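Chain by chain, the residues run as shown.
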Amino acid sequence: KRREEEAAKKAEAEEDDDDAPTFPIYDRKNRTDVENIVIVGSGPAGLSAAIYASRAGLKPVLVAPPMGGQLQGKGVGVENYPGVNDTTGPNLVHSMQEQAAQFGAVFLQELVVSVDLSARPFRVRT
């Protein structure tokens, strides 16, 4: 029964892709050369950091490929995230993206290939 429920939730999540929203996308023309904060990864930890940073007025840039990570790629139910019941990974990520965008985070949909922490400002290469 559980496998059937997970398959149904996965199918529902795949159907929901047609209504995928557009979030504020990073545009180099509208930004400075040095960002206040760059967050690598768009899983729950990265999105939580983006929410807190944007609420603090830091205008974070969240860098991650558009295909999403482990939680985004699975349509199965999320059972191990505090305070979350009866939702799928893609739905949880979507809600967190909306909240981060609402407070001013912008999204750069690219893969980070290296991070240079040897000198300030740090360099994130995509």
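Residues numbered from 1 in each chain as written. Predicted model: local features only at pLDDT ≥ 70, side-chain atom pairs only at ≥ 80, totals over all residues. Heavy atoms only, no water.

Tallying secondary structure elements over the chain gives four helices and five strands in all. Each helix and strand of the chain, placed in order from N terminus to C terminus, yields the pattern α-β-α-β-α-α-β-β-β. Per-residue burial for the chain yields a buried fraction of 27% across its 126 residues. Pairs at least 24 residues apart make up 54% of the contacts formed inside the chain by residues separated by at least 6 positions. If you sum the accessible surface of the chain, you get close to 8,700 Å²; carbon and sulfur atoms cover 48% of it. (Helix = DSSP H or I, 4+ residues; strand = E, 2+ residues; numbered from the N terminus. Buried < 20%, exposed > 50% of the residue type's maximum accessible area, 1.4 Å probe, protein only. Contact = heavy atoms within 4.5 Å. Areas by Shrake-Rupley, 256 points an atom, 1.4 Å probe, with all protein chains shown as cover.)

Before going further, it helps to examine the packing of aromatic side chains. Counted according to the given criterion, the structure contains zero aromatic pairs. Against the face of Phe 103 rests Arg 55, its NZ or CZ located 5.2 Å from the ring centre. (Phe/Tyr/Trp six-rings, centres within 6.5 Å; stacked < 30°, edge-to-face > 60°. Lys NZ or Arg CZ within 6 Å of the ring centre and 35° of its normal.)

Attention now goes to the sheet that holds strand S2 (residues 61-63). One open sheet holds the three strands; their spatial order is S1-S2-S3, and the pairing between them is parallel. Each having just a single partner strand, strand S1 (38-40) and strand S3 (106-108) make up the two edges of the open sheet. Pairs of neighbouring strands in the sheet enclose a mean axial angle of 25°, with direction left out of account. Summarising the sheet, S1 and S2 pair through three bridges and their orientation is parallel. Paired with Val 40 across the bridge in S2 is Val 63. (Pairing = 2+ DSSP bridges. Axes fitted to C-alpha atoms, helices over the stretch in contact; angles between N-to-C directions.)

Here we take up the nonpolar core. One finds Leu 47, Ala 50, Leu 62, Leu 92, Ala 100 and Phe 107 to be the most contacted residues of the largest nonpolar core, which totals 16 residues. Elements represented by at least two residues in this core include exactly helix H2 (44-55) and helix H4 (89-102). By residue number, the principal contributor to this core is H4, which donates five residues. Excluding anything up to four places from it in sequence, Ala 100 contacts Ala 50, Ile 51, Ser 54, Ala 105 and Phe 107. (Core = buried A, V, L, I, M, F, W, Y, C linked by side-chain atoms within 4.5 Å.)

For the rest of this paragraph, the subject is the environment of Gln 102. For Gln 102, the location among the structural elements is in helix H4. Considering only alpha carbons, one finds Gln 102 and Arg 55, 47 residues apart in sequence, at a separation of 9.3 Å.

With that out of the way, let us pick up the side chain of Glu 35. Within the fold, Glu 35 resides in the loop between helix H1 (2-15) and S1. A polar contact of 3.3 Å, which involves the side chain of Glu 35, links it to the side chain of Tyr 26. Discounting residues that sit within four places of it in the chain, Glu 35 has contacts with Tyr 26, Lys 59 and Val 61. (Polar contact = N/O pair within 3.5 Å; in protein donor to acceptor, adjacent residues only side chain to side chain.)

We now examine H2. For H2, which comprises twelve residues, the first-to-last C-alpha distance of 16 Å matches the rise-based estimate of 16 Å (1.5 Å per residue) to within 8%. The set of residues buried in H2 consists of Gly 46, Leu 47, Ala 50, Ile 51, Ala 53 and Ser 54. Elements in contact with the buried residues of H2: S1, S2, H4 and S3. Gly 57 occupies a position one or two residues after H2 and carries a positive phi of about 80°. (Expected span 1.5 Å × (residues − 1).)

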